[in-house]
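An overview of the molecular structure
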Amino acid sequence: MGKNQTVLLRLLTVFILLLHGATVRPEETGSASYRINIEDTIAVSVWQHNDLNITAVVGPDGTISMPLVGEIAVNGLTKQEAREKITTKLKKYIKEPIVTITIVEYGGRRVRVLGQVSNPGSIPFTGRITLLEAVSRAGGPTVSAQLHHCAVFRGTETVIEVDLYELLYEKNMKLDIPLEPGDTVFIPDNINSRVFVLGAVHNPGLYDLGGRLTVLEAIAKAGSYTEEANLSQVCIIRGDLTKPEIIKVNIRNQILKGTIPKQQNLQPNDIVYVPKGLIGKLNFVLEEITPSLRTIVLGDSAIKAIQGKSGTGITISP
């Protein structure tokens with residue numbers, strides 16, 4: 001990813017977090033931010049005034065009815081906001097009322113799962129639902145899902161970031177957080193998370209990064225290597241092509257040993273180059289990959305232009 005893209009991504013992330021409030025860890029979340037919904041059953045008690053205590057279902061108009069104060073709109077309020085509202089109204093009749101609100105039953109229990117899932121939309125549930133169950137009921141992630149950046153939006157104040165890849169494929173069940181009614185789960189796409197695989201492979205081209213992808217896995221996506229491939233000098237070409245970083249990878253040893261170093265996970269817009277012979281100087285490598293890279297980028301950019309989308313973010317000099 002280029003420097004400008006990285007800065008833009010960071011600014012966009014900051015904007016989203018500012019828009020929705022501070023990001024918190026899954027274990028730090030609670031029910032304080034839950035907003036009362038229509039059909040919820042709530043209990044309102046006033047200390048030392050048992051005659052004012054009620055248990056009521058929030059009506060279709062979003063209100064409940066209480067002695068003395070009559071109809072009170074509570075739909076969309078947190079328990080704290082509803083308590084303050086009721087307290088203010090009771091002060092006309094009672095000196096320093098102490099009000100407590102409890103959610104007895106969640107009537108309109110729904111969460112939304114949006115973005116890159118097979119069946120995005122609203123999911124009703126009873127009892128308890130977790131992130132994994134909600135995503136599963138939405139048909140599971142699509143092949144275009146960016147699993148590392150799943151977000152749960154809770155009200156207007158909380159965004160919970162979850163690495164869905166770690167939950168799904170590394171079985172870290174600590175990330176399978178319980179959802180609350182009204183939560184929205186969003187799984188973005190990985191349209192900007194792709195890598196190029198060029199050289200001595202059967203199907204050179206542009207491939208989705210998806211989750212974590214190693215060099216060997218990328219080569220497999222490109223139809224595997226050809227007979228002429230020099231697997232001991234595979235290159236990862238990273239960054240601006242005017243001053244790229246070249247990382248040499250001995251795939252031959254990895255295949256023989258059956259081990260893949262974690263540091264060889266690819267990054268968006270990396271170029272994996274499988275040479276046919278010995279690797280020479282950097283200029284030779286760039287001369288080898290530029291024609292194929294230009295063809296792929298121009299073809300991809302043309303498709304995106306027709307669809308009204310942006311290009312890959314990599315600039316190839318003529």
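Residues numbered from 1 in each chain as written. Predicted model: local features only at pLDDT ≥ 70, side-chain atom pairs only at ≥ 80, totals over all residues. Heavy atoms only, no water.

Turning our attention to the confidence of the model for the protein chain. For the protein chain, the average pLDDT comes to 77, and 73% of its residues sit at 70 or higher. Note on residues 1-30: pLDDT is under 50 here. Beyond four places in sequence and across chains, it has 38 contacts. Scored below 50 in pLDDT, residues 297-318 shows 28 contacts in the model against residues more than four places distant or in partner chains. (pLDDT = per-residue confidence, 0-100. Contact = heavy atoms within 4.5 Å.)

What follows covers the pattern of salt bridges. Under the criterion given, the structure shown has four salt bridges. A salt bridge links Glu180 to Arg154, with the shortest nitrogen-to-oxygen separation between them at 3.8 Å. Highlighted residues: Glu180 in the loop between helix H4 (164-169) and strand S11 (184-187) and Arg154 in strand S9 (residues 150-154), separated in sequence by 26 residues. For the residue pair Glu180 and Arg154, the accessibility class agrees, reading buried in each case. Through salt bridges with shared partners, a single ionic network connects Arg154, Glu180 and Asp183. (Salt bridge = Lys/Arg side-chain N within 4 Å of Asp/Glu carboxyl O. Helix = DSSP H or I, 4+ residues; strand = E, 2+ residues; numbered from the N terminus. Buried < 20%, exposed > 50% of the residue type's maximum accessible area, 1.4 Å probe, protein only.)

Next up on the list: the side chain of Thr41. Note on placement: Thr41 falls in strand S2 (residues 41-46). The exposure class of Thr41 is buried, given its relative accessible area of 13%.

The subject of this paragraph is the sheet that holds strand S16 (residues 271-274). One open sheet holds the five strands; their spatial order is S13-S12-S16-S14-S15, and the pairing between them is mixed. The sheet is open, and its two edges are formed by strand S13 (205-208) and strand S15 (245-249), each paired on a single side. Across the sheet, the mean angle from the axis of one strand to that of its neighbour is 25°, orientation sign disregarded. Bridge count between strand S14 (residues 234-238) and S15: five bridges; the pairing is antiparallel. From the neighbouring strand, Ile237 faces S15, where its bridge partner is Ile246. (Pairing = 2+ DSSP bridges. Axes fitted to C-alpha atoms, helices over the stretch in contact; angles between N-to-C directions.)

Before going further, it helps to spend a moment on the nonpolar core. In globular proteins that are soluble, nonpolar side chains generally tend to be buried together. In terms of nonpolar packing, the biggest core is built from 25 residues, with Leu131, Leu164, Leu179 and Val185 touching the most fellow members. Contributions of two or more residues to this core are made by strand S7 (110-115), helix H3 (131-137), S9, strand S10 (158-162), H4 and S11. Beyond its immediate stretch of four places on either side in the chain, Leu131 contacts Cys150, Val152, Val162, Leu164, Leu167, Leu175, Asp176, Ile177, Leu179 and Val185. Listed in part, the 22 residues of the second largest apolar core include Val74, Ala82, Ile94 and Ile101. (Core = buried A, V, L, I, M, F, W, Y, C linked by side-chain atoms within 4.5 Å.)

Here the focus is the environment of Thr87. Mapped onto the fold, Thr87 is located in helix H2 (residues 79-90). Classification of Thr87 as buried rests on a relative accessible area of 10%. Separated by 41 residues in sequence, Thr87 and Val46 place their C-alpha atoms 9.0 Å apart.

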